[in-house]
Amino acid sequence: MSADPYRHNAEWYAALARPGLPAVREALAVLLPGVIPTGVVVEVGAGIGATLDSFLDAGAERIFAVEPSPEMRVGLMTRIGLDERLAPITTVLPGTLDEMSGRLPARWGALVLLNVLGHLTEVEETRMWHLV
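Residues numbered from 1 in each chain as written. Predicted model: local features only at pLDDT ≥ 70, side-chain atom pairs only at ≥ 80, totals over all residues. Heavy atoms only, no water.

Trainee: In this structure, what is going on with the packing of aromatic side chains? I would like to understand it.
Mentor: What characterises a pair of aromatic rings is the spacing of the ring centres plus the angle enclosed by the ring planes. Summed over the entire model, instances satisfying the criterion amount to 1 aromatic pair. Here tyrosine 6 and tyrosine 13 contribute two aromatic rings whose centre-to-centre distance is 5.9 Å and whose plane-to-plane angle is 85°, an arrangement assigned as edge-to-face. Relative accessible area serves as the criterion here: at 18%, tyrosine 6 is assigned to the buried category. (Phe/Tyr/Trp six-rings, centres within 6.5 Å; stacked < 30°, edge-to-face > 60°. Buried < 20%, exposed > 50% of the residue type's maximum accessible area, 1.4 Å probe, protein only.)

Here it is as structure tokens:
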């Protein structure tokens, strides 16, 4: 595995992402409700977990947060650990979707990939679409 691409900005990620979060939350509020029939949301590249509460608002009953960056998982685990609604229903999977696919449930209601496609190689992207 190559060096963590977030090693230099993970500690600043929440501040860097904050200006764009209202628009992302608004989009999720429009797109997600009604598409979570199983109650399961899988977020690939969950980062620091900035949008996890949006999944709750849309009806998620179980969340799988897939995050390969050890640096970003520090923020992700902190976010989940401090939220009494997220902690009991969120599972963090420390790897890529390809690596973690065997640890996911057979049925999902939604797959969310925010700012992830640019990180995938063509082979990884093809495997992701086959998995979906």
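Having seen the structure, we can now continue with the description.
Trainee: I tried to follow a nonpolar patch on the surface on my own but got confused; where do I start?
Mentor: Together, Leu117, Trp129 and Val132 give the surface a local cluster of nonpolar side chains, amounting to about 310 Å² of exposed area. Within the secondary structure layout, leucine 117 lies in the loop between β4 (110–113) and α6 (122–131). Take leucine 117: its relative accessible area is 40%, and that puts it in the partly exposed class. (Patch = residues over 30% accessible without salt bridge, like charges linked within 9 Å, V, L, I, M, F, W, Y side chains within 5 Å. Areas by Shrake-Rupley, 256 points an atom, 1.4 Å probe, with all protein chains shown as cover. Salt bridge = Lys/Arg side-chain N within 4 Å of Asp/Glu carboxyl O. Helix = DSSP H or I, 4+ residues; strand = E, 2+ residues; numbered from the N terminus.)

Trainee: How do you make sense of the pairing of strand β2 (residues 62–66) when you look at a structure like this?
Mentor: Along any regular strand the residues' side chains alternate between the sheet's two faces. With 4 of its 5 residues buried, β2 lies for the most part within the structure. Where strand β1 (residues 40–44) meets β2, 5 bridges bridge the pair, whose relative direction is parallel. Residue valine 40 lies in a different strand from β2, and its bridge partner there is arginine 62. With respect to chirality, the unit in which β1 leads through helix α3 (residues 52–57) into the neighbouring parallel β2 is right-handed. Sheet topology note: the β2/strand β3 (residues 90–93) ladder contains 4 bridges and is parallel. Bridge pairing in β3 links valine 66 to leucine 93. This β-α-β element, β2 to helix α4 (residues 70–81) to β3, shows right-handed connectivity. (Pairing = 2+ DSSP bridges. Right-handed = clockwise from strand over helix to strand, strands pointing away.)

Trainee: Just to check I follow, could you spell out the sheet that holds β1 for this structure?
Mentor: Strand pairing in a sheet relies on backbone hydrogen bonds, with the paired strands running either antiparallel or parallel. In space, the 4 strands of this open sheet follow the order β3-β2-β1-β4, with parallel pairing throughout. The open sheet has two free edges, formed respectively by β3 and β4, since each of these has just one partner strand. With direction set aside, neighbouring strand axes in the sheet form an average angle of 15°. Along the sheet, α4 contacts β2 and β3; its crossing angle with β3, the most-contacted strand, is approximately 170°. (Axes fitted to C-alpha atoms, helices over the stretch in contact; angles between N-to-C directions. Contact = heavy atoms within 4.5 Å.)

Trainee: When you look at the pattern of salt bridges in this model, what are you seeing that I'm missing?
Mentor: When the charged atoms of two side chains lie near each other, side chains of opposite charge can form a pair. Scanning the entire structure with this criterion turns up 4 salt bridges. For arginine 25, the salt bridge goes to aspartate 53, with nearest N and O atoms at 2.7 Å. Of this pair, arginine 25 sits in helix α2 (residues 21–31) while aspartate 53 is found in helix α3, placing the two residues 28 residues apart along the sequence. When its relative accessible area of 28% is taken as the criterion, arginine 25 is described as partly exposed. Arginine 79 serves as the salt-bridge partner of aspartate 53, at 3.5 Å between the closest nitrogen and oxygen. Highlighted residues: aspartate 53 in helix α3 and arginine 79 in helix α4, separated in sequence by 26 residues. Judged by its relative accessible area of 23%, arginine 79 is partly exposed. Look at the salt bridges and you will find they share partners, linking Arg25, Asp53, Arg79 and Asp83 into a network.

Geometric descriptors of this kind do not, in isolation, establish any biological role.
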